[in-house]
Amino acid sequence: MSDQDKHTDHRLREGYERLLARLQDGAKELSWENLQKDLDEAVEFEAEVEDFTRDELSLLRAWVERDLKDMRHYLAAGGEGVASWLGIDLDVLSRRIREGLFSISDRTVIDRVRFEEDLEAARADYCEGEMVAPGLLSCVHCGAEVTLGEVARLDPCHQCGHRYFARGPQVASQ
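Bear in mind the structure is a predicted one, so any value in this text is a computation, not a measurement. (Residues numbered from 1 in each chain as written. Predicted model: local features only at pLDDT ≥ 70, side-chain atom pairs only at ≥ 80, totals over all residues. Heavy atoms only, no water.)

Participant: Describe in detail the side chain of Arg167, supporting the description with residues and values.
Facilitator: Among the structural elements, Arg167 can be located in strand β6 (residues 164-167). Only 3.3 Å separates the side chain of Arg167 from the side chain of Tyr126, close enough to count as a polar contact. Within the structure, Arg167 has its side chain in polar contact with the backbone oxygen of Ala133 (distance 3.4 Å). (Helix = DSSP H or I, 4+ residues; strand = E, 2+ residues; numbered from the N terminus. Polar contact = N/O pair within 3.5 Å; in protein donor to acceptor, adjacent residues only side chain to side chain.)

Participant: Describe helix α2 (residues 32-49), and please don't skip the residues or the numbers.
Facilitator: The first and last C-alpha atoms of α2 sit 26 Å apart over 18 residues, in line with the 26 Å expected at 1.5 Å per residue. What α2 keeps buried is the set Trp32, Leu35, Gln36, Asp38, Leu39, Ala42, Val43 and Glu46. Each buried residue of α2 sits inside an arc of 165° when the element is viewed along its axis, so together they form one side. Residues of α2 that are exposed and point over 90 degrees away from its buried face: Glu33 and Glu48. (Expected span 1.5 Å × (residues − 1). Buried < 20%, exposed > 50% of the residue type's maximum accessible area, 1.4 Å probe, protein only. Arc of directions from axis to C-beta.)

Participant: Can you explain helix α1 (residues 3-24)? Please cite residues and give values.
Facilitator: In an α-helix, one turn spans 3.6 residues; hence positions three or four apart end up facing the same way. Its 22 residues give α1 an end-to-end C-alpha distance of 32 Å, which sits within 8% of 32 Å, the value for a rise of 1.5 Å per residue. Of all the residues in α1, the buried ones are Thr8, Asp9, Arg11, Leu12, Gly15, Tyr16, Glu17, Leu19, Leu20 and Leu23.

Participant: Pulling in residues and values, what's your account of the nonpolar core?
Facilitator: Counting residues in each nonpolar core, the largest one holds 21 residues, and the members touching the most others are Tyr16, Leu60 and Val64. Broken down by secondary-structure element, the contributors of at least two residues to this core are α1, α2 and α3 (54-76). When residues in this core are grouped by element, the largest group, seven residues, is from α3. In terms of nonpolar packing, the next biggest core, distinct from the first, is built from 10 residues, Val132, Ala144, Leu148 and Cys157 among them. (Core = buried A, V, L, I, M, F, W, Y, C linked by side-chain atoms within 4.5 Å.)

Okay, structure coming up:
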């Protein structure tokens, strides 16, 4: 990976983390609409203070929204909390990421009934090249698992080279 690519990854990782931190202080009345509004405002703030391209801002927004949707879906389906969803020991996470996810998830659990009406039927996929929240991901092709200890750009599967992943352990599609 070139120095430029490393710099870009670092900037995107920090942008992702700042978006989560800004959502931590989000709406008093939590709803999916308010969360979307807070996410829009956080992205606008990033556009004003950081030198991101429009494409980078779109990717950051899409990645954070994807992870929040996935977490909502998991919690609404009876998931046991953020630690289970991530599939890793919470001590591995940076304090800033841990606090951001906990603040959002705690409010989500409390207001789960409101969110159930908003849940989308399709679950977001994770694809090579995207920034992803830390945790356990599995290749949907071969089932190989990868544990990310921090926000990182997702590499192709180290076992089979496949590009698509799901959170948590998976059964191989072969």
